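Overview (structure and organization)
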Amino acid sequence: MTKIDWSEYSKIVVLSGAGISAASGIRTYRGPDGLWNDQKLVRLSDAYTFRTEPLEVWKFWSQTRKICNQAEPNAAHLSLVSLEKSLRPDQSLSIITQNIDGLHDRAGSLHIIQYHGSVLRTRCENFLCSLEPFTDTKLYVDEVPLCPLCRARLRPDIVLFNETIPEHNARSAQEALLSCDLFIAIGTSGTVYPASDFVRIAHERGARTILINMEEFVERNPYFKETILGKAELILPELIG
Ligand code: NAD
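The paragraphs below set out a description of the structure included in this document. Every value quoted in this text rests on a predicted model; they were computed, and no experiment measured them.

Of the pockets and cavities examined, the second largest pocket occupies roughly 550 Å³. Going through the elements one at a time, strand E3 (112-114), strand E4 (117-124), strand E6 (154-158) and helix H6 (167-178) are the ones with two or more residues in the lining of the second largest pocket. Top element by residues in the lining of the second largest pocket is E4. It accounts for 4 residues. Residues of the lining of the second largest pocket, tallied by class, amount to 10 nonpolar, 9 polar and 5 charged.

Below, the structure is given as structure tokens:
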């Protein structure tokens, strides 16, 4: 198997996707057992649907919130924590996660960019409102919660389809990528833009680029120069030790 001498790299960036949480019992969109064929899921993940059917959207995401809240980090999440702890002070590990499940956070990783937000947070839909997004494990299945400050609707703090990435997340990810010398994508199908383009940015900056996934997709993304096929929860403990 590919070997990594972690001491050679100063800025390590990991891009994680749904596959890293599969062993925690959270289903992926694509790949074996993927949820993607469920048209209802696609509709309830769309920002336009929140405008017209907010309670339906809340019911669906409340269910996802419950699943994510009950899930436990697996060996892949925990290996990344061990890696971060083992680094010298002049090295860093940034995790850009597409996942909204909060599992890197719960595992104890320190530098996480939750690129698509977190289902375990709620925010006001009114961008002008000063209510900060807050940690929330409540399930909203009977009525749509309202903002205590401006009475607009509250919503899950995630990026829905037809929404753009929050500026702060986009900037933090860009900064991490521009200086990285090792880029590893884990458990992602590489289909969701802009995260799917991160490997190109890293490669063009001269970083080593590795994909750890159950399926290969170099034909649609040639910037991954090494691929390790298999389950993240088995590969990462071996790679990191
Ligand atoms: P994806 O569902 O499109 O692809 C998952 C990939 O992981 C597939 O290529 C699959 O082969 C691979 N995989 C499955 N099990 C694996 C394992 N044990 N080890 C390694 N690889 C494994 O996921 P994506 O690329 O992250 O894009 C989906 C979008 O959906 C993201 O934007 C994400 O926000 C969202 N999503 C999040 C979660 C979550 O938070 N856990 C779950 C489903 C979808």
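Once the structure has been displayed, the description carries forward.
Summed over all chains, the structure comprises 13 salt bridges. Linking aspartate 157 and arginine 121 is a salt bridge whose minimum nitrogen-to-oxygen distance equals 2.8 Å. Of this pair, aspartate 157 sits in strand E6 while arginine 121 sits in strand E4, and the two are 36 residues apart along the sequence. A relative accessible area of 12% places aspartate 157 in the buried class.

Among the residues making up helix H8 (residues 232-240), those that are buried are Ala232, Glu233, Ile235, Leu236, Leu239 and Ile240. Down the axis of H8, the smallest arc covering the buried residues is 165 degrees, so these residues share one side. Turned more than 90 degrees from where H8 packs its buried face, Leu234 and Glu238 sit exposed. Buried residues belonging to H8 abut helix H4 (75-86), strand E7 (182-186), strand E8 (208-213) and strand E9 (226-229). Positioned one or two residues after H8, glycine 241 has a phi angle of 85 degrees, which is positive.

Right, let's talk about the nonpolar core for a bit. Of all hydrophobic cores here, the largest spans 23 residues; its most connected members are Trp6, Ile184, Ile186 and Ile212. Where this core is concerned, the elements lending two or more residues are strand E1 (11-16), H4, strand E2 (92-97), E7, E8 and H8. Sorting elements by how many residues they give to this core places H8 first, with 5 residues. When near neighbours in sequence (up to four residues on either side) are disregarded, isoleucine 186 contacts Val14, Leu15, Ser16, Gly17, Ile20, Leu80, Ile212, Ala232 and Leu236. Of all hydrophobic cores here, the second largest spans 21 residues; its members include Ala173, Ala176, Val199 and Phe224.

Take unusual backbone geometry next. Residues apart from glycine generally show negative phi values, whereas peptide bonds are mostly found in trans. Backbone torsion omega between tyrosine 193 and proline 194 reads 5 degrees, so that peptide bond is classified as cis. A positive phi angle is found at arginine 151, which is not glycine, with a value near 70 degrees. Looking at where arginine 151 falls in the secondary structure, it is placed in the loop between strand E5 (134-135) and E6. Under the relative-accessibility criterion, arginine 151 is labelled exposed at 55%.

All right, on to the sheet that holds E6 then. The pairing of strands in a sheet comes from backbone hydrogen bonds and takes either a parallel or an antiparallel form. Taken together, 3 strands build an open sheet; the order of strands is E5-E4-E6 and the sheet is antiparallel. Each having just a single partner strand, E5 and E6 make up the two edges of the open sheet. Sitting on the sheet, helix H3 (residues 54-70) touches E4 and E6, and the angle it makes with E4 is about 135 degrees.

A few words now on the state of the cysteines. Scanning the model with the defined rule gives 0 disulfides in all. Among the cysteines around cysteine 129, which has no disulfide bond, cysteine 147 carries the closest sulfur, lying 3.6 Å off.

This paragraph deals with the side chain of serine 16. With respect to the element layout, serine 16 can be found in strand E1. At 2.7 Å, the side chain of serine 16 and the side chain of threonine 97 are in polar contact. Polar side-chain contacts of serine 16 include one of 2.8 Å to the side chain of histidine 104.

Successive side chains on a regular strand alternate, one facing one side of the sheet and the next facing the other. The buried count for E7 comes to 5 of 5 residues, which makes it a mostly enclosed element. Because side chains alternate across E7, one face comprises the buried residues Leu182, Ile184 and Ile186, and the other comprises Phe183 and Ala185, equally buried. Here E1 runs beside E7; their pairing, made up of 5 bridges, is parallel. In the strand pairing of E7, valine 13 is matched with phenylalanine 183. Both E7 and E8 contribute to a ladder of 5 bridges, which runs parallel. The residue bridging alanine 185 from the neighbouring strand is leucine 211, located in E8.

Cut-offs and rules
- Residues numbered from 1 in each chain as written.
- Predicted model: local features only at pLDDT ≥ 70, side-chain atom pairs only at ≥ 80, totals over all residues.
- Heavy atoms only, no water.
- 1 Å grid on protein atoms, 1.4 Å probe; cavity = no way out; pocket = protein on both sides within 12 Å on 5 of 7 lines; lining within 4 Å.
- Points joined across faces, edges and corners; volume = space filled by probe spheres on them.
- Helix = DSSP H or I, 4+ residues; strand = E, 2+ residues; numbered from the N terminus.
- Nonpolar A, V, L, I, M, F, W, Y, C, P; charged D, E, K, R; others polar.
- Salt bridge = Lys/Arg side-chain N within 4 Å of Asp/Glu carboxyl O.
- Buried < 20%, exposed > 50% of the residue type's maximum accessible area, 1.4 Å probe, protein only.
- Arc of directions from axis to C-beta.
- Contact = heavy atoms within 4.5 Å.
- Core = buried A, V, L, I, M, F, W, Y, C linked by side-chain atoms within 4.5 Å.
- Pairing = 2+ DSSP bridges.
- Axes fitted to C-alpha atoms, helices over the stretch in contact; angles between N-to-C directions.
- Disulfide = S-S within 2.5 Å.
- Polar contact = N/O pair within 3.5 Å; in protein donor to acceptor, adjacent residues only side chain to side chain.

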